Protein chains: 2
Amino acid sequence: MIPKDHPRYKSLIIRERLSKCAMSGIVSLEGLTAHGRGEAFDYLIGEKTTESALIAEKIAANLLILANKPVISVNGNTCALAAEAIAELQKITGAYVEVNLFHRTEERVLKISNFLEGKGVSVLKGNVVKYLPLSHDRALCFTEGIPKADVVLVPLEDGDRCQALVEMGKTVITIDLNPLSRTARCARLTIVDELTRALPNIIRYAKEIKERNNTTEIEEFDNFYFLQNAIDNMITRLNCALD
Amino acid sequence: MIPKDHPRYKSLIIRERLSKCAMSGIVSLEGLTAHGRGEAFDYLIGEKTTESALIAEKIAANLLILANKPVISVNGNTCALAAEAIAELQKITGAYVEVNLFHRTEERVLKISNFLEGKGVSVLKGNVVKYLPLSHDRALCFTEGIPKADVVLVPLEDGDRCQALVEMGKTVITIDLNPLSRTARCARLTIVDELTRALPNIIRYAKEIKERNNTTEIEEFDNFYFLQNAIDNMITRLNCALD
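> Where do I start with the overall build of chain A in this structure?
Broken down by element type, chain A carries nine helices and seven strands. For chain A, the spread of C-alpha atoms along the principal axes amounts to about 55 × 45 × 35 Å. The 243 residues of chain A split such that 59% are buried. A separation threshold of at least 6 residues defines the contact pool for chain A, and within that pool the share at least 24 residues apart is 66%. Split by element, the accessible area of chain A, about 10,400 Å² in all, is 51% carbon and sulfur. Averaging the locations of the 30 positively and 32 negatively charged side chains of chain A gives two centres separated by 4 Å.

> Sorry, what's going on with the interface of chain A and chain B here?
How big an interface is tends to be reported as the loss of accessible area on association of its parts. The interface is formed by 35 residues belonging to chain A together with 36 residues belonging to chain B. Both sides of the chain A and chain B interface together cover about 3,300 Å² of buried area, and 71% of this is carbon and sulfur. Salt-bridge contacts for Arg37 of chain B lead to Glu39 of chain A; the nearest nitrogen and oxygen are separated by 3.0 Å. Counting across the chain A and chain B interface gives nine residue pairs in polar contact (both at pLDDT 80 or more). The element contributing the most residues to the side of chain A that touches chain B is helix H2 (residues 29-45) of chain A, with twelve residues. Of the residues assigned to the side of chain A that touches chain B, the class counts are 20 nonpolar, eight polar and seven charged.

> I tried to follow the sheet that holds strand S1 (residues 70-74) of chain A on my own but got confused; where do I start?
Whether parallel or antiparallel, the strands of a sheet pair through hydrogen bonds between backbone atoms. All names here are of chain A. Read across the open sheet, the five strands follow the order S2-S1-S5-S6-S7; overall the sheet is parallel. Looking at strand neighbours, the two that pair on one side only are strand S2 (96-99) and strand S7 (189-191), the edges of this open sheet. Across the sheet, the axes of successive neighbouring strands diverge by a mean angle of 20 degrees, strand direction being ignored. Sheet topology places strand S5 (residues 151-155) next to strand S6 (residues 171-175); five bridges connect them, and they run parallel.

> Would you explain the packing of aromatic side chains in this entry?
Here a ring pair, both rings aromatic, is described through the centre-centre distance and the interplanar angle of the planes. Taken as a whole, this structure holds five aromatic pairs over all chains when the rule is applied. Between Tyr225 of chain A and Phe226 of chain A, the aromatic rings sit 5.2 Å apart at their centres with planes inclined by 70 degrees, giving edge-to-face as the arrangement. Classification of Tyr225 of chain A as partly exposed rests on a relative accessible area of 41%. One aromatic cluster in this structure is built from Phe221, Tyr225 and Phe226 of chain A. If you follow Lys69 of chain B out to its NZ or CZ, it ends over the ring of Tyr96 of chain B, 3.6 Å from the centre.

> What is the right way to look at the sheet that holds strand S6 (residues 171-175) of chain B in this model?
Residue and element names in this part refer to chain B. Strands sit in the order S2-S1-S5-S6-S7 across an open sheet of five strands; the sheet is parallel. The open sheet terminates on both sides in strands that have one partner only, identified here as strand S2 (96-99) and strand S7 (189-191). Sheet twist, expressed as the mean angle between neighbouring strand axes with direction ignored, is 20 degrees. Examined bridge by bridge, S6 and S7 share three bridges and lie parallel to one another. The partner of Ile175 across the bridge, within S7, is Ile191. Contacting strand S1 (70-74), strand S5 (151-155), S6 and S7, helix H3 (residues 51-66) runs over the sheet at an angle of about 130 degrees to S7. Together, S5, S6 and S7 form the strand contacts of helix H8 (residues 195-211), whose direction differs from that of S6 by roughly 130 degrees.

> I tried to follow the side chain of Gln90 of chain A on my own but got confused; where do I start?
The topology assignment puts Gln90 of chain A in helix H4 (residues 76-93). What Gln90 of chain A contacts, discounting residues up to four positions off in sequence, is Ala95, Tyr96, Val97, Gly120, Val121 and Ser122 of chain A.

> Looking at this structure, I do not really get the nonpolar core. What am I missing?
The tendency in soluble globular proteins is for nonpolar side chains to be buried as a group. Core analysis: the largest hydrophobic core is formed by 110 residues, its most contacted members being Leu199 of chain A together with Leu199 of chain B. When neighbours within four sequence positions are excluded, Leu199 of chain B is seen to be in contact with Ala82, Ala85, Ile86, Leu89, Leu153 and Ile175 of chain B. Core analysis: the second largest hydrophobic core is formed by 33 residues, Tyr43 and Ala241 of chain A together with Val192 and Leu242 of chain B among them.

What counts, and at which threshold
- Residues numbered from 1 in each chain as written.
- Chains lettered and ligands numbered in written order.
- Predicted model: local features only at pLDDT ≥ 70, side-chain atom pairs only at ≥ 80, totals over all residues.
- Heavy atoms only, no water.
- Helix = DSSP H or I, 4+ residues; strand = E, 2+ residues; numbered from the N terminus.
- Buried < 20%, exposed > 50% of the residue type's maximum accessible area, 1.4 Å probe, protein only.
- Contact = heavy atoms within 4.5 Å.
- Areas by Shrake-Rupley, 256 points an atom, 1.4 Å probe, with all protein chains shown as cover.
- Lys, Arg positive; Asp, Glu negative; His and termini not counted.
- Charge placed at Lys NZ, Arg CZ, Asp CG, Glu CD.
- Buried area = accessible area lost by both parts, 1.4 Å probe.
- Salt bridge = Lys/Arg side-chain N within 4 Å of Asp/Glu carboxyl O.
- Polar contact = N/O pair within 3.5 Å; in protein donor to acceptor, adjacent residues only side chain to side chain.
- Nonpolar A, V, L, I, M, F, W, Y, C, P; charged D, E, K, R; others polar.
- Pairing = 2+ DSSP bridges.
- Axes fitted to C-alpha atoms, helices over the stretch in contact; angles between N-to-C directions.
- Phe/Tyr/Trp six-rings, centres within 6.5 Å; stacked < 30°, edge-to-face > 60°.
- Lys NZ or Arg CZ within 6 Å of the ring centre and 35° of its normal.
- Core = buried A, V, L, I, M, F, W, Y, C linked by side-chain atoms within 4.5 Å.

Dropping the structure here:
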């Protein structure tokens, strides 16, 4: 039991939730370590949504709403942290949700699908196809999902898969707290923000766009700006860290 | 199996070892997340011992050798990562080793103690006493350990315990990759380095001091210097991250 007076209570509660999901097999042990890496970068951007991340979140909402076939790719950590938000985002954008795992077993895919469905997500099922040029089961995608998608939201993605998707011509949006990661660098749009802060913002923007009858146009944007801005934020915070 | 020529071989081997120790109950699931956090900061300092960290390691050796009653506080991650090094450091410094866990159960204390003993560590046993002003079992210390210590080495410590120890007048040395953490800021001496790089350096310096018959004096030092230097290293690396 985490004492409520602990100064990092919220972060520890999220960590505890991931641990529980690791025990039930939804989150992999490697997923826990990956989460910790994200925590460190979040700490450096101040554990809040930066102005530039908010702009990226607005663009992400635009891209998803205006897509012909948006797909949200969900892994164990995303499921554990944000199943409810994924359900809401799906409702507004009409996106397909498919489960893609780095450490893939049929059992884990089923477990995560069931968990998501319990939170109101409609999860792609049916046939999988060796679609991505990656080794082993990481090549697999659901036939009706990523192969037919134009825009793919892949939060907390691994670099290999992100790069493969980009090279196949998909418009890849990622949510990644590490602006230096391969994922962050190769995505079309990188939201450098914590997942459970980013998704509600994207949802809010998507609702606004829907209320304006999807008339928004996609602005020109350069992903480098978002990465550099996140790095600048970290430097600024580090510069006065001990003041 | 991780290929030996992988550029991040050591880091991946360490991660694998921690996962194994999580499965056997030595490392807590939260410990895996904490490790990931450290990985991110290590990445930012360049995954090597900085010049200033090396100075801190030398001072740490001095403090441990010249202490009246040095104690090394070991948690699950430290046990998994560095049991052999702890054994060696104990041999040279004569330090007591006690097991202190954030997620404490008697079963885990026993498991970790057994693991350490298997690697040649002599582990404190016997009575525990509610010594620290912390909630629940985190207050517990072994009667013959921390309560009687003047110098305490607490690698990978949580901020609460570090602060409590400092406030009780202990000379606290910590090894923490995050120079902004509460632990790093409140310790008397913070080594901003990765545990398995830091301990062999401390051991080497301790041996040198012993060979000079413990005649070393403790130099004046300001912990702020070590923290600021680590931060400066991170800023330098971030400044050219996207070049």
